[in-house]
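Here's the letter readout for the chains.
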Amino acid sequence: ELTAHTQEELTELAFPCTVSGMKEPLVLGISGKPQGLQVAIAISMEDSGSSVPSTELCPDRLEELRLDFGSTVPLRTRVSCRLILTNHSPIQTPFTLQFEYFGSPQNSLTQKASVPDMPPALLKTSRIREHLAKREQLNFMESMLSHGKGAAFFPHISQGMLGAHQQLSIDIAGYANMWGEYWDNLICTVGDLPPAVIPVHMAVVGCPISSQRTTYYTTDQLQKEPVIRFGTQVSGGDTVTRILRLNNSSPCDIRLDWETYMPEDREDRLVELLVFYGPPFPLRDQAGNDLLCPETPESSSSFLSPSPSNTSDSSHEAVHTAEDSCVSNRVSQKLISVILREHDGVPADHLYCISPKQVVVPAGGSSTISISFTPMVLGPDVLHKVECVGYALGFMSLDDEVERELPGRRCRLQDFAAGPLKLDLCSYVRPAQLSMELDYGGGVEFWHQASDLIPEQPCTGVLSELVTTHHVKLSNTTEIPQYFRLLVSRPFSVSQEGASHSCRAPGQARGGEEEQAAASKQLVLYPQENMLVSGGSAGLGRRSPSSHTHAHV
């Protein structure tokens, strides 16, 4: 057995063997070039199925290795790849894997999942086990991201022994709960070989703010927000408001600037060109006045009032800006921003409105906004309900400069360059409508004769009033409540109850004013309900034999 302690070539190595009876010993000459530890590194991307060719652990070939998780990694998802270590030598050696910045916290692996308090038989069901598995994955991801850096990389084997002629495949996972582009270095140390520095890159897309409490581990590309519906409203009716709570699952305070739009599909409007002087969405106080941008010199404050050009309206699709993604040089501030994007909608502040228009959702917390819908006034020729479709875009910004960019580690786009939070809005508007059924054919007409004022007992004198009643059935055939008033002028009156015929003696007081006041109150008829209304006409003495009018609802 020969053990070499140097990698220099051996040429003058002799092994003497003394044999009894021989004057001179036998000499065995040994020569050769000892080879040291030989380890190759390969990277296999799990999602794409591609594999980076093996690279020997030599300083002059390490630049060929690169660990790229992709440029469109969704939030709160797990992406992974495999690092393959191959030992081509018969030497057993230790190895370690460590990330420079976005490694997992020290106490993340010591946390143990708690067993839920439920019967053991229930724990064995497939649905419960699937739910517990998802919750365990969510807890593990949250523990990886507990350092608050927005992204984390985790090798499932961080250290161990690489056996002789062994090939070891190590899974490396990436997690993120904040959008942005992340860079890091994976330090791979094998035995006495020089450490291999492998660049790591991951670009995360998505919005960490949602109206739903995210309590599960998702593999979907993008989690879509539910449609906010305002139901069916009456034309020109009162404003309807919905309260929405927004939850922030990221470690950063995020500012949202809201704009509402209505979709517009026109062939002559394809793109929009927006020009802003200063930041597109500057900070505002509670009164809505613009504040000075924190990273802008005060000498340039006169240029910082946002003035979007009137060339076109805004949309939420792909945005291409004239300025670079992340500018590390903060000395020269860009005062003018030019944004070119696809045209999709027109502003709809008159229909949908969000208050406050600028809101900060704290890290790991929540904030509430009010979304209002004001029904439009339909024309007299509109007989059916009209659909009002809109959407709201919340453009995301980070007021903390460190959270926006950490040179060499992370960079997060802002405003139009970052994908906004989209809320779909839907409502219907229909004209106020009640159907009417009469107890007589034709209109509501009352006929009186002067002789009707003579009672059956003429000795009591001539009557001063004679009331005749017709019944009208009002029905609401729509799907929304109808609020209405019944207004008539004397000698007509309306009420929900009434006799078919009544008389009043000469000395009896008239209550027409009270009846008319009661009838002028606002009434409500709910969907698929009806109401019986009594309309009366008072025939007075010394009036024409007949009179005719219409009651308007």
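Only a predicted model underlies this, so the values are computations on that prediction, with no experimental measurement involved.

Scanning the protein for helices and strands turns up four helices and 37 strands. In the protein, which comprises 553 residues, the share counted as buried stands at 38%. A separation threshold of at least 6 residues defines the contact pool for the protein, and within that pool the share at least 24 residues apart is 79%. A total of about 31600 Å² of accessible surface is found on the protein, and carbon and sulfur atoms cover 52% of it.

Bringing the pattern of salt bridges into the picture now. What the rule picks out here adds up to 13 salt bridges. We note a salt bridge from Glu 479 to Lys 385, for which the minimum N-O separation is 3.3 Å. Here Glu 479 is found in the loop between strand S31 (465-475) and strand S32 (482-484), whereas its partner Lys 385 is found in the loop between strand S24 (366-373) and strand S25 (386-397), with 94 residues between them in sequence. The exposure class assigned to Lys 385 is partly exposed, which follows from its relative accessible area of 41%. What you see here is one network of salt bridges that share partners, running through Arg 255, Asp 257, Arg 284 and Asp 399.

Spatial ordering of the open sheet is given by S14-S16-S24-S22, a layout of four strands whose pairing is antiparallel. The sheet is open, and its two borders are formed by strand S14 (209-210) and strand S22 (352-355), each paired with just one other strand.

Our focus in this paragraph is the packing of aromatic side chains. Summed over the entire model, instances satisfying the criterion amount to 15 aromatic pairs. Clustering of aromatic rings is evident, with ring pairs tying together Phe 69, Phe 99, Tyr 101, Phe 102, Phe 153 and Tyr 182. Between Lys 385 and the ring centre of Tyr 428, over which it is positioned, the NZ or CZ distance is 4.8 Å. Above the plane of the ring of Tyr 391 lies Lys 422, whose end atom (NZ or CZ) is 5.0 Å from the centre.

On to a nonpolar patch on the surface. Together, Leu 270, Val 271, Leu 273, Tyr 277, Ile 336, Val 338 and Leu 340 make up a nonpolar patch on the protein surface, roughly 630 Å² of accessible area in all. Going through the elements one at a time, strand S18 (271-277) and strand S20 (336-342) are the ones with two or more residues in the nonpolar patch. Note on placement: Val 271 falls in strand S18.

This paragraph deals with unusual backbone geometry. Of note, the bond from Ser 355 into Pro 356 is cis; its omega dihedral lies within 30 degrees of zero at -5°. Assignment of secondary structure puts Pro 356 in the loop between S22 and strand S23 (358-361).

Here the focus is the nonpolar core. Judged by nonpolar contacts, the single largest core of 66 residues is most densely connected at Leu 256 and Trp 258. With five residues, strand S13 (residues 196-205) is the single largest residue contributor to this core. When neighbours within four sequence positions are excluded, Leu 256 is seen to be in contact with Ile 209, Leu 246, Lys 357, Gln 358, Val 359, Val 361, Gly 394, Phe 395, Met 396 and Leu 421. With 12 residues, the next largest nonpolar core counts Val 472, Leu 474, Leu 486 and Val 494 among its residues.

Glancing now at the pairing of strand S28 (residues 421-430). Of all 10 residues that make up S28, eight are buried, and the element is covered over most of its length. As paired elements, strand S15 (residues 228-234) and S28 share five bridges and run parallel to each other. Considered in S28, the bridge of Val 234 is made with Arg 430. Across nine bridges, S25 lies against S28 in antiparallel orientation. By the bridge assignment, Gly 390 is partnered in S28 with Leu 425.

The next point concerns the confidence of the model for the protein. Taken as a whole, the protein shows an average pLDDT of 77; of its residues, 75% reach a score of 70 or greater. Per-residue pLDDT stays below 50 along residues 294-331; that stretch engages in 97 contacts with residues further than four places along the chain or on separate chains. In the predicted structure, residues 498-519 sits below a pLDDT of 50 and forms 36 contacts with residues beyond four places in sequence or in another chain.

This part covers the state of the cysteines. Counted by the stated rule, this structure contains zero disulfides. The thiol of Cys 426 is unpaired, and the distance to the nearest cysteine sulfur, on Cys 388, comes to 8.4 Å. The class of Cys 426 is buried, set by a relative accessible area of 7%.

As a further point, take the side chain of Asn 177. Within the secondary structure, Asn 177 sits in the loop between strand S11 (167-176) and strand S12 (180-190). The class of Asn 177 is buried, set by a relative accessible area of 10%. Among all residues touching Asn 177, those that are not within four sequence positions of it are Leu 75, Leu 145, Gly 150, Pro 208, Ser 249, Ser 250 and Pro 251.

This part takes up the side chain of Arg 430. Within the secondary structure, Arg 430 sits in strand S28. Looking at Arg 430, its side chain comes within polar contact range of the side chain of Glu 479, at 3.1 Å. What Arg 430 contacts, discounting residues up to four positions off in sequence, is Thr 232, Gln 233, Val 234, Ser 235, Leu 378, Lys 385, Thr 478, Glu 479 and Ile 480.

Take Val 275: it is sitting in strand S18. Of the residues examined, Val 275 reaches a relative accessible area of 18% and is grouped as buried. In this structure the C-alpha to C-alpha distance between Val 275 and Val 338, which are 63 residues apart in sequence, comes to 4.7 Å.

Parameters at a glance
Residues numbered from 1 in each chain as written. Predicted model: local features only at pLDDT ≥ 70, side-chain atom pairs only at ≥ 80, totals over all residues. Heavy atoms only, no water. Helix = DSSP H or I, 4+ residues; strand = E, 2+ residues; numbered from the N terminus. Buried < 20%, exposed > 50% of the residue type's maximum accessible area, 1.4 Å probe, protein only. Contact = heavy atoms within 4.5 Å. Areas by Shrake-Rupley, 256 points an atom, 1.4 Å probe, with all protein chains shown as cover. Salt bridge = Lys/Arg side-chain N within 4 Å of Asp/Glu carboxyl O. Pairing = 2+ DSSP bridges. Phe/Tyr/Trp six-rings, centres within 6.5 Å; stacked < 30°, edge-to-face > 60°. Lys NZ or Arg CZ within 6 Å of the ring centre and 35° of its normal. Patch = residues over 30% accessible without salt bridge, like charges linked within 9 Å, V, L, I, M, F, W, Y side chains within 5 Å. Core = buried A, V, L, I, M, F, W, Y, C linked by side-chain atoms within 4.5 Å. pLDDT = per-residue confidence, 0-100. Disulfide = S-S within 2.5 Å. Polar contact = N/O pair within 3.5 Å; in protein donor to acceptor, adjacent residues only side chain to side chain.

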